[in-house]
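One letter stands for each residue in the lines below.
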Amino acid sequence: MRPAALVSPETARTFPIRLLESGPAGGGLATALFGELAGHKDVISFDMGGTTAKACMIEDGRAEIAPMLEAGRVNRFAKGSGLPIKAPVIDMIEIGAGGGSIAAIDEVGLLKVGPHSAGSDPGPACYGMGGSKPTVTDANLVLGYYDPKFFLGGRMALDLEAARKAVSTVAEPLGLSIEEAAWGIHKVVVESMGAAARVHLVEKGKDPRHYAMVGFGGAGPAHAVDVARVLGVKQVIIPPASGAASALGFLAAPLSFDMVRSLPVEFSEGFDAAAVNALLGQLEADGRKHLIEAGVQPEDVTVERTADMRLVGQMHDIAVSLPAGTIDASSLDAVRAAFSKAYSARYTSVYEGARLEAINFRVRCAGPVPTLSLSGAAGGGDVAAKIKGTRKAWFERGWSEANVYDRYALRSGDRISGPAIIEEREATTIVPPGDSVAIDDVLNLIIHVGQANAAETTITADMPLAEAARRIEADPISLEIMWSRMINVVEEMWLTVCRTAFSLVISEAQDFACELLDPEGETLAHSPRAMPVFNLTLPRAVKALLERYPAETLKPGDVLITNDPWLCAGHLFDIAVVTPVFLGNRVVGLMGTVGHVSDIGGTEDSLRAREIYEEGFQIPPMKLFEAGRINETLVRLLGENVRNSEQVLGDLHSFVAANAIGAERLQSFLTDYGMQDLRALASMSCRAARRRRCARRS
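Residues numbered from 1 in each chain as written. Predicted model: local features only at pLDDT ≥ 70, side-chain atom pairs only at ≥ 80, totals over all residues. Heavy atoms only, no water.

Moving on to the overall build of the protein. Counting its secondary structure elements, the protein contains 17 helices and 30 strands. A buried classification covers 53% of the 698 residues belonging to the protein. For the protein, long-range pairs separated by at least 24 residues make up 67% of all intrachain contacts whose partners lie at least 6 apart in sequence. (Helix = DSSP H or I, 4+ residues; strand = E, 2+ residues; numbered from the N terminus. Buried < 20%, exposed > 50% of the residue type's maximum accessible area, 1.4 Å probe, protein only. Contact = heavy atoms within 4.5 Å.)

Spelled out as structure tokens, the structure:
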């Protein structure tokens, strides 16, 4: 049974708002269907078309549901720039990367791909309809992935020379050949899609390495394997008719009805169990009524119950499954365990003494899942002519001779080793060297992804700064991907703070910042949405903390803290929390979060304070955690000297959680790129910032 589902005509007329975003939902439903047919209940949906790519998560055969969506965004891919609509939809991320995404050189000389698109008119340069800017489709044609005479099954011819001419406009400024630039476009768009999908999944506490991927859409099969490799996914499923797979999703959906009601309840001894059970019972009765009216037999209705829960004082909630049967005092341990499991997966462990509350209760009633028999989308080709020929295609190490297969001639049990190109009318599947394909019983392409070899160490700890910078700058494509990865690290930290903070000033006003710094306290990356003043002052605070606690004296599990107004942003309300990141026993970077807490003690009219002692509680450079153990003395002193201590301490815990997530991501980044030191990147970051300022002035 899948949470996204069909509704009866009567329900659609009564609740038309529930049809919003129903089109893209087909892709999520199709992913669940094809994942199940391939023996996978946990899969990632990857749907890439001409303008955008979409991804969502299917867990236990079910698409995750979001309680709201945004419409009319000012910036299409900027969350929060649209109008919120409280209606349940499949929780899907939209990425500005498709076949028509345009590649360009930015003001500091780095290759960017998207979010601007050539669309279908004029479209990519290779369409021959007047487009001249290089796109992802042009790059794929240059790389040999597409047959210019077999696009759309031969109904449309592509212009290879026009594609090469367009790609040359970015190749020449970068000092690359046309093929190298096309490969760079491919790598950058793959990394962009992989990074966005990773943030979407990790924000929910999910590790993409534990999932398979279903790739579809017109451009999805050409990129799915490389996106999977970025995510650490080991298996990719390309269904038959993959270019039109979304339409099949609706045929596999059951009738269902979802309901939600608000009822704030703190789950503690003496909670109003009667009100909770009455509400859940009413929601279930309403849902059953709608399904029975639509023709579902009463015995075929299944019911699921969840609550939107959070720690008391927080602003954002998470969905938590409720135990079956009557909810009463004996259910409290089960409710707390379910919340702790969901919260820990997304953020960090629930700290001792934290209180839980539910804000909304949700009930979903669903009918039986249809059983489909799929045939006709694949097969029927001449088995003797399954290999159409060979074609030169460019991969990581340059040109390779790849066999080209007719998908319609492949049969269950066939096995193919990469490099290979598998063509069908709606899409082309690319299988790089080192990967392999097996055809399953329903004619899915099951691609086994060979994981990238561990990167050789390119930047050592004792390498001279100039030499390290030279090596990094020698590969402009990897440099752009590195910048993107680091920005994604701090963006993930920023989102973690927003969702785990307790005070409105942090979670809603967003008066805080997250940064990634090198071991000397120089900024490498900060969230684009951070408060600018903190971007300037946090490095100063970090350097003061390092003066008190030199990097060589720090241990894994240490967390530093200060709110010294001469080091942070000018007053005691701004608290900086800094976590060292280790590679082996050596500090290789620092994750910092600084934010304005809701209270710091002292006079309530802090604007009239004339001495620092009147403003409140001052924390000199100290350790909040030492070797993983919290400084109970400091926490108790702070809690006793501020108003709303639960809120203030809750915000500090959110800073610590964000830094811990950033530290994990930075360690993965260093491993992926064979780097043991970040100082060269920090110096290049400063130079890039200067070039950007000069470019804007001119």
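Taken in spatial order, the four strands make up an open sheet running E13-E16-E14-E15, and their pairing is antiparallel. A single partner strand is all that each edge strand has here, and the edge strands are strand E13 (256-266) and strand E15 (318-321). Averaged over all neighbouring strand pairs, the angle between strand axes comes to 30°, with direction disregarded. Taken together, the nine bridges between E13 and strand E16 (residues 356-366) define a ladder with antiparallel strand orientation. Across the sheet, residue valine 260 finds its bridge partner in E16, namely arginine 362. (Pairing = 2+ DSSP bridges. Axes fitted to C-alpha atoms, helices over the stretch in contact; angles between N-to-C directions.)

Let us look at the sheet that holds strand E30 (residues 629-630). Spatial strand order, E25-E24-E28-E27-E26-E29-E30: seven strands in an open sheet with antiparallel pairing. The open sheet has two edge strands with one neighbour each: strand E25 (523-526) and E30. Here three bridges tie strand E24 (residues 512-517) to E25, and the two strands are oriented antiparallel to one another. If you follow glutamate 515 over to E25, its bridge partner there is histidine 526. Across the face of the sheet, helix H15 (residues 632-640) comes into contact with strand E26 (559-562), strand E29 (622-626) and E30 while running at roughly 120° to E29.

Another aspect to go through is the packing of aromatic side chains. What the rule picks out here adds up to eight aromatic pairs. Aromatic pair phenylalanine 339 and tyrosine 343: ring centres 5.4 Å apart, planes at 25°, arrangement stacked. Residue phenylalanine 339 and its partner tyrosine 343 are located together in helix H9 (residues 332-346), separated by four residues, close to a single helical turn. Tyrosine 343 matches phenylalanine 339 in its accessibility class, with the two residues each being buried. Members of the aromatic cluster, connected to one another through ring pairs, are Tyr127, Tyr146 and Phe151. (Phe/Tyr/Trp six-rings, centres within 6.5 Å; stacked < 30°, edge-to-face > 60°.)

For the rest of this paragraph, the subject is the confidence of the model for the protein. Interpretation of the predicted coordinates at a detailed level should be avoided for regions scoring low in pLDDT. In the predicted model, the protein carries a mean pLDDT of 84, and 89% of its residues have values of at least 70. Of all the helices and strands in the protein, helix H17 (residues 679-697) carries the lowest mean pLDDT, 61, while E26 carries the highest, 96. (pLDDT = per-residue confidence, 0-100.)

Attention now moves to H15. Three or more residues of H15 are buried, namely Leu634, Val635, Leu638 and Gly639. Seen from one end, H15 has its buried residues packed into an arc of 130°, which puts them on one side. Of the exposed residues in H15, the ones pointing more than 90 degrees away from its buried face are Glu632, Thr633, Arg636 and Glu640. At its buried positions, H15 is contacted by E26, E29, E30 and helix H16 (645-672). (Arc of directions from axis to C-beta.)

Here we take up the pairing of strand E27 (residues 574-583). Counting buried positions over the ten residues of E27 gives nine, a clear majority of the element. Relative to E27, E26 is paired through three bridges, and the arrangement is antiparallel. Considered in E27, the bridge of isoleucine 561 is made with valine 577. Sheet topology places E27 next to strand E28 (residues 586-596); ten bridges connect them, and they run antiparallel. Of the residues in E28, the one forming a bridge with valine 581 is glycine 589.

Here we come to the pattern of salt bridges. As enumerated under the stated definition, the model contains 20 salt bridges in all. Between lysine 386 and aspartate 414 there is a salt bridge, with the nearest N and O atoms lying 2.9 Å from each other. With lysine 386 in the loop between E16 and strand E17 (387-395) and aspartate 414 in the loop between strand E18 (398-406) and strand E19 (415-417), this residue pair connects regions lying 28 residues apart in the sequence. A single burial state applies to lysine 386 and to aspartate 414, both of which are buried. Sharing partners across several salt bridges, the network here consists of Asp226, Arg229 and Asp435. (Salt bridge = Lys/Arg side-chain N within 4 Å of Asp/Glu carboxyl O.)

For the rest of this paragraph, the subject is the nonpolar core. Counting residues in each nonpolar core, the largest one holds 130 residues, and the members touching the most others are Phe669 and Leu681. In terms of residue count, the dominant contributor to this core is helix H11 (residues 476-500) (13 residues). For leucine 681, the residues in contact, after removing those within four places along its chain, are Ile472, Leu479, Met482, Trp483, Met486, Leu524, Phe669 and Met675. One finds Leu279, Val301, Leu311 and Cys365 within the second-largest nonpolar core, a separate group that totals 33 residues. (Core = buried A, V, L, I, M, F, W, Y, C linked by side-chain atoms within 4.5 Å.)

Structurally, the position occupied by valine 442 is in the loop between strand E22 (436-439) and strand E23 (445-448). Residue classification places valine 442 among the partly exposed residues on the basis of a relative accessible area of 33%. For valine 442 and arginine 411, which are 31 residues apart along the polypeptide, the C-alpha to C-alpha distance reads 9.2 Å. Here valine 442 is in contact with Leu37 and Pro240, once residues within four sequence places are set aside.

Bringing unusual backbone geometry into the picture now. The linkage connecting glycine 114 with the following residue, proline 115, adopts the cis geometry, with an omega of 0°. Positionally, proline 115 belongs in strand E10 (residues 111-117). With a phi angle near 55°, alanine 627 is a residue other than glycine that sits in the positive phi range. With respect to the helices, strands and loops of the structure, alanine 627 is situated in the loop between E29 and E30.

Glancing now at the environment of glycine 381. For glycine 381, the location among the structural elements is in the loop between E16 and E17. The exposure class assigned to glycine 381 is buried, which follows from its relative accessible area of 18%. The sequence separation of glycine 381 and leucine 410 amounts to 29 residues, and the corresponding C-alpha distance is 7.5 Å. Setting aside chain neighbours within four positions, we find glycine 381 in contact with Tyr408, Ala409 and Arg411.

What follows concerns the packing of H15 against H16. Taken N-terminus to C-terminus, the directions of H15 and H16 make an angle of 140°; their axes are 9 Å apart at the nearest point. With respect to H16, the element H15 is oriented oblique. In the packing of H15 onto H16, the handedness of the crossing is right-handed. Between H15, through Val635, Leu638 and Gly639, and H16, the contact on the second element is made entirely by Ser645, Val648, Leu649 and Leu652. (Parallel < 35°, antiparallel > 145°, perpendicular 65-115°, else oblique. Left-handed = near helix turned anticlockwise from the far one by under 90°.)

This brings us to H9. An ideal rise of 1.5 Å per residue puts 21 Å on 15 residues; H9 measures up with 21 Å between its terminal C-alpha atoms. Taken together, the buried positions of H9 are Leu332, Val335, Phe339, Tyr343 and Arg346. Seen from one end, H9 has its buried residues packed into an arc of 70°, which puts them on one side. Along H9, exposed side chains directed more than 90 degrees from the buried face belong to Asp333 and Lys341. (Expected span 1.5 Å × (residues − 1).)

Moving on, we come to the side chain of aspartate 138. With respect to the helices, strands and loops of the structure, aspartate 138 is situated in helix H3 (residues 136-142). The side chain of aspartate 138 is buried and forms no salt bridge, while arginine 164, the nearest opposite charge, is found at 11 Å. One polar contact links the side chain of aspartate 138 to the main-chain amide nitrogen of alanine 125, over a distance of 3.1 Å. Among all residues touching aspartate 138, those that are not within four sequence positions of it are Pro124, Ala125, Cys126, Lys133, Ala163, Ala166 and Val167. (Lys, Arg positive; Asp, Glu negative; His and termini not counted. Polar contact = N/O pair within 3.5 Å; in protein donor to acceptor, adjacent residues only side chain to side chain.)

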